[in-house]
Amino acid sequence: MKIVREALAGTLESSDLLVRIAPLEDGLELVLKSEVIHQFGPHIEKVARDCLARLGVTQALVVIEDKGALDCVVAARVQTAVSRAVDEWTPDWSALS
Amino acid sequence: MAEDCEELVFDTIEVAFFPRIRNELVELLGKCGLSIEEGVDTFVTCRFEGRLVGCAGLEANIVKCVAIDPLARGECISLKVVSEMIHVAHDLGHDHLFLYTRPNNISFFAGCGFYPIVEVPGLVTLMENTPIGIRSYSRSLARLRRDGATVGGIVINANPFTLGHRYLVEQAAAGCDVLHLFVVAEDASYFPYRDRFDLVREGVEGIPNLVLHPGSEYMISRATFSSYFFKEKNVVGDCFTAVDLLIFREHIAPALGITHRFVGTEPFCRTTNKYNADMKYWLQADLSGAPPVQVVEIERTEYGAVPISASEVRRLLAADDFDRIANLVPPTTLQLLATKYRTPRVSAA
Amino acid sequence: MKLRRSMLFLPGANAAMLSTAFVFKPDSIMFDLEDAVSLREKDAARMLVFHALRLPVYREMETVVRINPLSTPFGLKDLEAVVRAGVDVVRLPKTDTADDVHVLEAHVERIERECGREIGSTKLMAAIESASGVVNAVAIACSSPRLIGIALAGFDYVMDMQTERGDGTELFYARCAVLHAARYAKIDAFDVVFSDVNDDEGFLKEVDLIKRMGFDGKSLINPRQIDLLHNAYAPTQEEVDYASRVVAAAEAGERQGLGVVSLNGKMIDAPVIGHARVVLRRASASGVRQ
């Protein structure tokens, strides 16, 4: 899926995360900041990258500000950000779970 | 408690239309030692049981006037206010946000996804809401790096480009191995950026060792040149230009290996004059981890014993005195002024 | 029979509450995609709730999702998401007629087919929020075998009636109508939310009233209200003792194949036995009243 505009999802509140996604020409860059980065950084990044891969997002700049969110919240926020950043969004729920 | 936070009510208002709310905002900001900023048109307000307990303002893409009622302070309010403000800014088309903060609030805004760009030691820090903003800008600049013992930098607004600018750039280029020329991108001038940039590009043709750069938000922009913090703190004078100059010294100059900054002397404009004086302090003094950048002032070129300036050209344009404009600008500028900016004269007939 | 005394509303856009609310253990948890979610966050809330529904902790309890009305651009999208995510019950807001339920039901069945979910496994609940809904309550309550209950929603209803919330007089007819429709259709009846979370006394007074009227339970907006409500619905030790004897007698009667059940020489009717079973279920859920 092609990211055509900058988009946001989520909040900075505890147990949530703010995801910012923007078009990028060369590849997928993911920047993660988390209060629990030492313990869970690699895991959160994997959840986010899996989500992006399943949505077929290969070119994007993704910046995540994590506030200790559960995996399912990370997935929901990444998917929402993508859905807001693409031209046409038809959810394939089986690919989102 | 999480559920108490659910009782908060958020609103976005254009403050000019709501004098009553403006008064409430003034009161809340006052409690936090802040005052309302004239340029801030949009406010996010947060109410608890009808009472204003938090606010955040936006002047274009600069976040200002963030305040939480000291009696109601709680992490959940401030994080909600900032989250809401970030979404509102996005809806208004502003994704890249800047803010000025005092050193004691850096950690709060760091928790809101803001990252420091530059710090005026002990006074103020400019932050942006992306961890890779200034970094990727510096990286993109570094790709245009050219080696040389003396690497120069010039920033011009060129409003519009004159023979004075041409002279300045020629002189500077003659004094160094490579010269990086930047055109101010902020559209706050009489001539729009696109026209100013094109005139510079055409006007500097033939000057050797020159690299022309588009401007950016990190250079003489609304964000870097904000008077916001200083007015508020009554710190006037030296600090006004510090943020802009320190970004140049700590990010832009190192990326391109710039050793010297060239600047024209400015007999007419006090702001520019002040800027030049400050430049020596913030670029050369021993106050930053980044190496100093030598400031070189170049005397203005003159026409008929009067220094050439862009403001004079604009004055002549308003008077439709193209005969005299022709003496002050290169042919490319003259042509654009004549075709696009000339006010049709009222015919006597 | 599932006990449904407390149905806790959770704003669907709030990640923190969705991540923690299972600890409160209401009888049913209701994720709200409608009034608690701003227009800007409708899509985000739908996505969050979709994922929350798939969490193991929520698979263990009854989940309800209040979708947006199908007449809005959000309603059908909400339904597509939550039926696929495995929600137990879909709550339809602003139900005015039985046809509203029929339309919903047809969509649910189509989605169940499309995603391979057992047909009929998605239950429904209709919220009645208008004079039309109250007048049509019986038809609504009988409109689908998927319906597990109907709920009265006070805020919109009083607006429609051109009045406002007060001491309960304004809801008197609607409560009676919804309750009778539910009992007639043999489904559950839920009362309105009590919105002043700081007024425990007022809350308990209202709970006492609706319990005596016969409501199965109430929608709640604050987790603190759960224990208050459960305790108020808990039977006294005396009631438990009596109910135990009624149920024991009924079971004995069944074993012996008797057409008539008696206790202490008095005949016990089916409604008495049914009520005794409810009392015991409430007691086993949260003990006797404190």
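Since we're looking at a predicted model, the values are computed, not measured. (Residues numbered from 1 in each chain as written. Chains lettered and ligands numbered in written order. Predicted model: local features only at pLDDT ≥ 70, side-chain atom pairs only at ≥ 80, totals over all residues. Heavy atoms only, no water.)

Draft legend 1. Structural detail: the overall build of chain B. A tally of regular secondary structure across chain B gives 13 helices and 14 strands. When each of the 349 residues of chain B is scored for burial, the buried share is 52%. Within the structure as shown, chain B displays about 15,600 Å² of accessible surface, and the carbon and sulfur contribution to it stands at 52%. (Helix = DSSP H or I, 4+ residues; strand = E, 2+ residues; numbered from the N terminus. Buried < 20%, exposed > 50% of the residue type's maximum accessible area, 1.4 Å probe, protein only. Areas by Shrake-Rupley, 256 points an atom, 1.4 Å probe, with all protein chains shown as cover.)

Draft legend 2. Up close: the confidence of the model for chain B. All names here are of chain B. Confidence in the prediction of chain B, expressed as mean pLDDT, is 86, and 90% of residues score 70 or more. Helix H8 (residues 228-233) is the least confidently modelled element of chain B, averaging 44 in pLDDT, while strand E9 (residues 178-183) averages 96, the highest of any element. A low-confidence stretch, residues 228-236 (pLDDT under 50), is modelled with 18 contacts involving residues beyond four sequence positions or located in other chains. (pLDDT = per-residue confidence, 0-100. Contact = heavy atoms within 4.5 Å.)

Draft legend 3. Spotlight on the environment of His107 of chain C. All names here are of chain C. Structurally, His107 is set in helix H5 (residues 98-115). Given a relative accessible area of 23%, His107 falls into the partly exposed group. Placed 58 residues apart in sequence, His107 and Arg165 show a C-alpha to C-alpha distance of 34 Å. Leave out the neighbours within four places in its chain, and His107 touches Leu70, Leu76 and Leu79.

Draft legend 4. Region of the structure containing the domain arrangement of chain C. What the domain assignment lists for chain C is domain 1 (6-232) and domain 2 (237-286). Of note, the centres of domain 1 of chain C and domain 2 of chain C, computed from C-alpha atoms alone, are 31 Å apart. (Domains from an automatic or database assignment.)

Draft legend 5. Region of the structure containing the pattern of salt bridges. Residue and element names in this part refer to chain B. Across all of its chains, the model carries 53 salt bridges over all chains by this definition. The salt bridge partner of Glu297 is Lys280, with a shortest N-O separation of 2.8 Å. With Glu297 in strand E12 (residues 294-298) and Lys280 in helix H10 (residues 270-284), this pair connects stretches of sequence that are 17 residues apart. Overall, Lys280 belongs to the partly exposed group, its relative accessible area being 35%. (Salt bridge = Lys/Arg side-chain N within 4 Å of Asp/Glu carboxyl O.)

Draft legend 6. Examining the domain arrangement of chain B more closely. Residue and element names in this part refer to chain B. Segmentation of chain B into domains returns domain 1 (2-95) and domain 2 (135-341). Taking only C-alpha atoms into account, the centre of domain 1 sits 36 Å from that of domain 2. A combined buried area of about 660 Å² lies between domain 1 and domain 2, and 51% of that area is made up of carbon and sulfur atoms. On the surface where domain 1 and domain 2 come into contact, there are one salt bridge. As a salt-bridge pair, Arg222 and Glu59 come within 3.2 Å of each other at their nearest N and O atoms. Connecting domain 1 to domain 2 are two residue pairs in polar contact (both at pLDDT 80 or more). Per-element accounting of the side of domain 1 that touches domain 2 gives the leading share, three residues, to strand E4 (residues 62-68). For the side of domain 1 that touches domain 2, the residue count by class is four nonpolar, three polar and three charged. (Buried area = accessible area lost by both parts, 1.4 Å probe. Polar contact = N/O pair within 3.5 Å; in protein donor to acceptor, adjacent residues only side chain to side chain. Nonpolar A, V, L, I, M, F, W, Y, C, P; charged D, E, K, R; others polar.)

Draft legend 7. Spotlight on the interface of chain B and chain A. Listed per partner, the contact involves 18 residues of chain B and 18 residues of chain A. Area buried by chain B at its contact with chain A is led by His87, Asp95 and Ile132 of chain B, which between them contribute 29% of it. In this assembly, chain B and chain A are joined by two salt bridges. Ionic pairing is found between Glu13 of chain A and Lys80 of chain B, a salt bridge with its closest N-O pair at 3.4 Å. Going through the elements one at a time, helix H3 (75-91) and helix H5 (133-142) of chain B are the ones with two or more residues in the side of chain B that touches chain A.

Draft legend 8. Inspection of the sheet that holds strand E5 (residues 123-128) of chain C at higher detail. Residues and elements named next belong to chain C. Strand order in the closed barrel formed by eight strands is E1-E2-E3-E4-E5-E6-E7-E8, with parallel pairing between adjacent strands. Each strand of the sheet is rotated relative to its neighbour by a mean of 25 degrees, with strand direction disregarded. Sheet analysis places strand E7 (residues 188-191) next to strand E8 (residues 217-220), joined by two bridges and oriented parallel. Residue pairing for E8: Phe190 is matched across the bridge by Gly217. (Pairing = 2+ DSSP bridges. Axes fitted to C-alpha atoms, helices over the stretch in contact; angles between N-to-C directions.)

Draft legend 9. View of the nonpolar core. Grouped together as the largest cluster of nonpolar side chains are 97 residues, with contacts concentrated most on Ile21 of chain A together with Phe31 and Ile150 of chain C. Phe98, Val178, Met279 and Leu283 of chain B belong to the second-largest nonpolar core, a separate cluster that totals 39 residues. (Core = buried A, V, L, I, M, F, W, Y, C linked by side-chain atoms within 4.5 Å.)

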